[in-house]
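# Structural overview
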Amino acid sequence: MSDKYSLNARFCDICAGFLGESGKDSVPSLTRALDTIASDLARNEDLRIRMGSDGPSIWPSLQQLWNFLADYPSADADVPALRILVVSVARFTRNLVAGVAKNQQNAFGVEPALRRILHLYSSWSAFQVTDSFPATRMAVQALSNIVTTNEDLTSRLWKTYLTLPEEQVVLIRLLSSLDPKTILSLLVLMVNCIHDSTERRSLLTRSRVGARICITLLDRMVSLYDAEESSDGAKAFDYGYHLFAHLFDGGFAPDLYTSLSVEGEVIAPHQTTLLKLLDSYLQSSKTYAVHCDMCPMLSEIFFCLSSYSQSAIRRAIKPSNSEPLDGTNELPQELDLLLPKTCEALVLATQCIVKISLLSEEQRSLDPSAADLRAIFRDDTSTDGQGTAESIIELLRLLDVFLPRIYFGKAVIQPVTDRTIPSSAAEPSGFLYLKRDLVRLVGVLCHQDKIFQDHIRVCKGISVIMNMCVVDERNPYLREHAILALRNLLDGNKDNQEEVNSIRPSGYWDEAGVLRENVGATLR
């Protein structure tokens, strides 16, 4: 009898003995035998091929073993014997199928039983039993190896998992695991599934179950963000980022952003997290076609958030939207609790627009025939007809009233701003960097573009930008960005230059740090 036959026969005999009526108590002997064979399989690819293809066939016995685990009497994640069995059987399966397509095909039949095991070990009660983590992790790795690099099996698995009832989707349940190693193994599987597949990425971003998976993953990434560098948690975060980067590369950012929306809310928490990932992605992405696809989405997001912020601030600083900002305001009439989160998302959307605009300019310097992506943002309008220039300037004007700048830890209220509004009325969290990034966007969009320069002047934005040439601790480098924006607004534009020359300072700071009004000043 040959060695290869002996190994197959030995495996079949061990399984038959264990699954027989008298063998159920022989867990240690079964696990020792499986672990020994698994170690040999991990080191020897030829052995994996031979064991999977020669007789007697091991696949019926392996299927029966997995079925037994799935139907384990009094199945509970806290049963030590079951945990030990799952680890050994999953390890054996993982090593047997690694890199061998024929073995993967034969082993795919255990997937339903393996899914039931994962369902058991992804319950809330199982997550409270830390001793169950190795079994969960090993089962995920076995599933991953069964389909990895096998296009047909990967598509079948992905389609099955994303069309199941939501409560049966083990991907969602496993993402709630408290074990970073399990999360890492799961994300390796998910990244492998969507890699180079437009169909599977589309299913993830456009289906109901796919949206739930992404929402759960975004929650986990928030919790993993502060993981210690080089830890399993940090590695899991990196794999999560790579998964979303694959979606961005495929042009699925608009679909994903839409699928994360919550009816009746201007911005959902998961959409904000997605914008953070997109902002980070654009730091390194140079793919021009991907940027083109993102422009309409980002422009729509910008207008939506800007319009909402303008309305919310107007309601806060005056009783009626028709009244001018003349310093006659009373205490805030209404404070929108969603405004800080809206402004936080607006900062991220603005930063994304700035990055794409700068990359577009860089691309056009190398290839003058390339499309000017800045024009998409400059020329777009909101649903209520407000242009980009008008939207930015109006929001900056309102923010200057609603959110006094911070200088050396103290709020500095402009002369036209009502002193009866307490500085605590506008909680700073969520508003950081907003003025700075809006001013920076003006500087980028008006660079060597006379039409946009004129739009800023027509909506009385030059004086607004000039008022931003100040120090504000909520907006680091606001003054420097405002000066650069002014430079770009005046470059080659005589009308704008005359506008600036006609303006006289409205006040000055005395030695005590008090703002004094100049006689004959120009107030705008």
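Predicted, not measured: the structure shown is a model, and the values here were computed from it.

## Digging into the nonpolar core
With 160 residues, the main nonpolar core has W66, F92, I213, F244, L278 and M294 as its most contacted residues. Looking at this core element by element, the count peaks at 14 residues for helix 18 (residues 288–317). Apart from the residues within four sequence positions on either side, L278 is in contact with F248, M294, M297, L298 and C352.

## Points about the environment of N95
Residue position: N95 is located in helix 5 (residues 80–97). Along the backbone, N95 and A142 are 47 residues apart, and their C-alpha atoms lie at a distance of 7.8 Å. Not counting residues up to four positions away in its chain, the partners in contact with N95 are A38, S39, L41, A42 and R48. Within the local environment of N95, its side chain forms a polar contact with the backbone oxygen of A38, the two atoms lying 2.9 Å apart. Separated by 3.0 Å, the side chains of N95 and R94 make a polar contact.

## Examining the side chain of T182
Its place among the elements puts T182 in helix 12 (residues 180–194). Relative accessible area serves as the criterion here: at 0%, T182 is assigned to the buried category. Looking at T182, its side chain comes within polar contact range of the side chain of D179, at 2.7 Å. Other than its neighbours up to four places away in sequence, T182 contacts F133, T136, R137 and S177.

## As for the packing of helix 2 (residues 27–43) against helix 3 (residues 45–53)
Their axes nearest at 5 Å, the elements helix 2 and helix 3 cross at an angle of 120 degrees. Relative to helix 3, the element helix 2 lies oblique. Residue-level inspection shows I37, D40, L41, A42 and R43 of helix 2 in contact with helix 3, the latter providing E45, L47, R48 and M51. Residues belonging to the contact of helix 2 with helix 3 are distributed by class as follows: five nonpolar, no polar and four charged.

## Thoughts on the environment of L339
Tracing the backbone through its elements, the reader meets L339 in helix 19 (residues 339–366). Put simply, L339 and L305 are 34 residues apart on the chain and 9.3 Å apart in space, counted from C-alpha to C-alpha. With near-sequence residues (within four places) excluded, L339 lies in contact with S309, A312, I313, F402 and F431.

## With respect to the packing of helix 18 against helix 21 (residues 388–402)
Where helix 18 meets helix 21, the closest approach of the two axes is 10 Å, and the angle between their N-to-C directions is 35 degrees. In the packing of helix 18 onto helix 21, the handedness of the crossing is left-handed. Together, F302, F303, S306, S309, Q310, I313, R314, A316 and I317 of helix 18 and T388, S391, I392, E394, L395, L398, L399, V401 and F402 of helix 21 make up the contact between the two elements. Across the contact of helix 18 with helix 21, the residue classes tally to 11 nonpolar, five polar and two charged.

## Here we look at the packing of aromatic side chains
Under the defined criterion, the tally for this structure stands at seven aromatic pairs. A centroid spacing of 5.3 Å and a plane angle of 90 degrees characterise the contact between F18 and F68, whose relative ring orientation is edge-to-face. You can see F18 sitting in helix 1 (residues 3–19) and its partner F68 sitting in helix 4 (residues 59–70), a full 50 residues away along the chain. Per residue, the accessibility class of F18 equals that of F68, and both read buried. Taking 5.9 Å as the distance between ring centres and 75 degrees as the angle between the ring planes, the aromatic pair formed by F302 and F303 counts as edge-to-face. Taken as a pair, F302 and F303 share a single burial class, namely buried. These aromatic residues form a ring-pair network of at least three members: F18, F68 and Y72.

## Topic: the side chain of T216
Looking at the secondary structure, you find T216 in helix 14 (residues 208–224). Judged by relative accessible area, T216 falls into the buried class, the value being 10%. The contacts of T216, once residues within four sequence positions are left out, are I172, L175 and S176.

## Here's the deal with the confidence of the model for the protein
The predicted model of the protein has a mean per-residue pLDDT of 88, with 87% of residues at 70 or higher. Taken as a whole, residues 320–329 scores under 50 in pLDDT and shows 17 contacts with residues more than four places along the chain or in a different chain. When the criterion is pLDDT under 50, residues 415–427 qualifies, and its contacts beyond four places in sequence or with other chains add up to 27 contacts.

The rules behind the values
- Residues numbered from 1 in each chain as written.
- Predicted model: local features only at pLDDT ≥ 70, side-chain atom pairs only at ≥ 80, totals over all residues.
- Heavy atoms only, no water.
- Core = buried A, V, L, I, M, F, W, Y, C linked by side-chain atoms within 4.5 Å.
- Buried < 20%, exposed > 50% of the residue type's maximum accessible area, 1.4 Å probe, protein only.
- Helix = DSSP H or I, 4+ residues; strand = E, 2+ residues; numbered from the N terminus.
- Contact = heavy atoms within 4.5 Å.
- Polar contact = N/O pair within 3.5 Å; in protein donor to acceptor, adjacent residues only side chain to side chain.
- Axes fitted to C-alpha atoms, helices over the stretch in contact; angles between N-to-C directions.
- Parallel < 35°, antiparallel > 145°, perpendicular 65-115°, else oblique.
- Nonpolar A, V, L, I, M, F, W, Y, C, P; charged D, E, K, R; others polar.
- Left-handed = near helix turned anticlockwise from the far one by under 90°.
- Phe/Tyr/Trp six-rings, centres within 6.5 Å; stacked < 30°, edge-to-face > 60°.
- pLDDT = per-residue confidence, 0-100.

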